[in-house]
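Results of the structural survey
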Amino acid sequence: MWKSFLRERLSWILFVLLWLSVIDALLLLEYDIKVSSTSFWYLNLLTLCMLILFLLWRGVKERRFIKRLSLMLQNDAYDLQEMHSYVRTKADEDMLSLLQRIDRVYRRQTHALHVQQREQQEYITTWVHEIKTPLTAMKLLINARRTELYKWPWLKDIEDEWMKIDGLVDQNLYAARLRHLEKDYQVQTVSLSELVFPNVAYFSKWCIEKRLQIDEKNLDTIVHTDPKWMQFVVRQVLSNAIKYSPLEGKLSFFSEETPKYVKLFIVDQGEGIPSQDLPRVFEKGFTGNVGRKSKGATGLGLYFSKKITDALGHRIEVHSLLHEGTTVILTFYKPNSFDNLSKM
């Protein structure tokens, strides 16, 4: 603060020093003016002391306004009108007036941006709900012709593409809701099987085509979570596990329970994730070396999963070794005695 103040007032200081030097030169060079050395140094010392005192006074006065203004701007709910009582100089008044004009422009632009984002989000949400209707009808038509697949083998390809579209539509729907997750969740008591088995059934066609073995153990364990959001998380994890699993591989689901938490393990025998990619798997849009080989990789599934688990107070971890498969761990913390008491 003081360095910047002195730097800005450098012209003042140089002017005073220059003027003092001129006076000193006149006193030393003019023979008609007789000044003792004591008076000469007293004059210089008095001038410098007055300069220092003046700079201190101005600095403290201006610093008070700037410091108060800085503290106010740290609060998102600041009101520049309150700063009028701290205005002491014309410079303070001009600065405050300029800040108020900038603030008005900023607030107008921010409001317009929020309105635009809200309209865009409402449009996306409406579109997703509307597109769900023809997707559901398409699925019913496919199921109605399932017994005749030998006549129309291309129906299998259509169903594959349907699952991809449905997954992306779901991803967009949950992405739109994610911003307001705190208003759209309901913690319930559910078993891990309720989170896993509906998703296994959803991807059953892909599992059958890859001849994957499903191994499950201890999925009757109870956890406290929002089943809708966590089913979506498990679906993202399971989608990746199936996508990168080899033919005739195995998917394993099992749990581990302690007095403080329950862990759900989802293990595949896929290609695995390189060690240099592991720290970035939850970054938005990150696909990694393995994902780049797959044209359908978006790098959003684990990103959304991380956002959702953090918001719900859970935890998601990814452990993997290249060519040795991947393990995803979902940790559900148990409610403590204080949580139980607060619900009474």
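Note that this is a predicted model, so its numbers are computed, not measured. (Residues numbered from 1 in each chain as written. Predicted model: local features only at pLDDT ≥ 70, side-chain atom pairs only at ≥ 80, totals over all residues. Heavy atoms only, no water.)

1. Here we look at the pattern of salt bridges
Condition: Salt bridges are counted wherever a side-chain nitrogen of Lys or Arg sits within 4 Å of a carboxyl oxygen of Asp or Glu. Only runs of H or I of at least four residues qualify as helices and only runs of E of at least two qualify as strands under DSSP, and these elements are numbered from the N terminus. When accessible area is computed with a 1.4 Å probe and restricted to protein chains, residues below 20% of their type maximum are described as buried, those above 50% as exposed, and intermediate ones as partly exposed.
This model, assessed by the stated rule, comprises 11 salt bridges. The partner of R235 in a salt bridge is D170, with the nearest N and O atoms 2.9 Å apart. Taken as a pair, R235 in helix α8 (residues 227-243) and D170 in helix α5 (residues 154-178) lie far apart in primary sequence, 65 residues in all. Each member of the pair, R235 as well as D170, is classed as buried. A salt bridge links E283 to R280, with the shortest nitrogen-to-oxygen separation between them at 3.0 Å. On the basis of relative accessibility, which here comes to 35%, the residue E283 falls in the partly exposed class.

2. With respect to helix α4 (residues 90-144)
Where we set the bar: What a helix is expected to span follows from its residue count: subtract one and scale by 1.5 Å.
Compared with an ideal rise of 1.5 Å per residue, which puts 55 residues at 81 Å, α4 spans 81 Å between its outermost C-alpha atoms and is within 8% of the ideal. Residues D92, L96, Q100, D103, Q121, V128, L135, K139 and I142 constitute the buried set of α4.

3. As for the sheet that holds strand β5 (residues 261-268)
Note the following rule: Paired strands, in this sense, are two strands between which DSSP finds at least two bridges. Fitted lines through C-alpha atoms serve as axes, helices being fitted only where they are in contact, and the angles separating the N-to-C directions of these axes extend from 0 to 180 degrees. Contacts: residue pairs with any heavy atoms within 4.5 Å of one another.
One open sheet accounts for 5 strands, arranged β2-β4-β5-β7-β6; its pairing is mixed. Both edges of this open sheet fall to β2 (213-217) and β6 (315-320), since each of them pairs with a single strand only. Neighbouring strand axes in the sheet, compared pairwise and without regard to direction, differ in orientation by 15° on average. Bridge count between β6 and strand β7 (residues 326-333): 6 bridges; the pairing is antiparallel. Pairing of E317 across the sheet is with I329, part of β7. Packed on one face of the sheet, α8 meets β4 (250-257), β5, β6 and β7 and runs near 170° to β7.

4. As for unusual backbone geometry
Residues other than glycine seldom take positive phi values, yet R211 does so here, at roughly 55°. With respect to the helices and strands, R211 occurs in the loop between α7 (204-209) and β2. In this structure, N218 takes a positive phi of about 60° despite not being glycine.

5. Focus: the nonpolar core
Defined as follows: Residues grouped as a nonpolar core are buried Ala, Val, Leu, Ile, Met, Phe, Trp, Tyr and Cys residues, joined through side-chain atoms within 4.5 Å.
By size, the foremost hydrophobic cluster in this structure holds 47 residues, and its most contacted members are L192, I242, F253, L264, I308, L330 and F332. With 9 residues, α8 is the largest single contributor of residues to this core. Apart from the residues within four sequence positions on either side, F253 is in contact with V196, V200, I214, D215, E216, K217, L219, L238, F265 and I266.

6. Thoughts on the confidence of the model for the protein
Stated precisely, the cut-off is as follows: A residue's pLDDT is the confidence the predictor assigns to it, expressed on a 0 to 100 scale.
Summing up the model confidence of the protein, the mean pLDDT is 83 and the portion of residues at 70 or higher is 90%. Looking over the protein, one finds the lowest element-wise mean pLDDT in helix α11 (residues 337-342), namely 44, and the highest in β5, namely 95. This stretch, residues 340-344, has a pLDDT under 50; its non-local contacts, to residues over four places away or in other chains, come to 1 contact.

7. A few points about the packing of α8 against helix α10 (residues 301-311)
Let me state the cut-off plainly: Roughly parallel here means an angle under 35 degrees, roughly antiparallel means over 145, roughly perpendicular means 65 to 115, and every remaining angle is called oblique. Here a crossing is called left-handed whenever its near helix is offset anticlockwise from the far helix by less than a right angle, and right-handed whenever the offset is clockwise. By the convention adopted, Pro, Cys, Tyr, Trp, Phe, Met, Ile, Leu, Val and Ala count as nonpolar, Lys, Arg, Asp and Glu as charged, and the other residues, Gly among them, as polar.
Two elements in contact, α8 and α10, have axes whose closest approach is 9 Å; the angle formed by their N-to-C orientations is 150°. For the element pair α8 / α10, the angle class is roughly antiparallel. Here the hand of the crossing between α8 and α10 comes out left-handed. When α8 is examined against α10, the residues W229, M230, F232, V233, Q236, V237 and N240 are found in contact with a partner set consisting of G301, L302, F304, S305, I308 and T309. Of the residues that constitute the contact of α8 with α10, the class distribution is 8 nonpolar, 5 polar and no charged.

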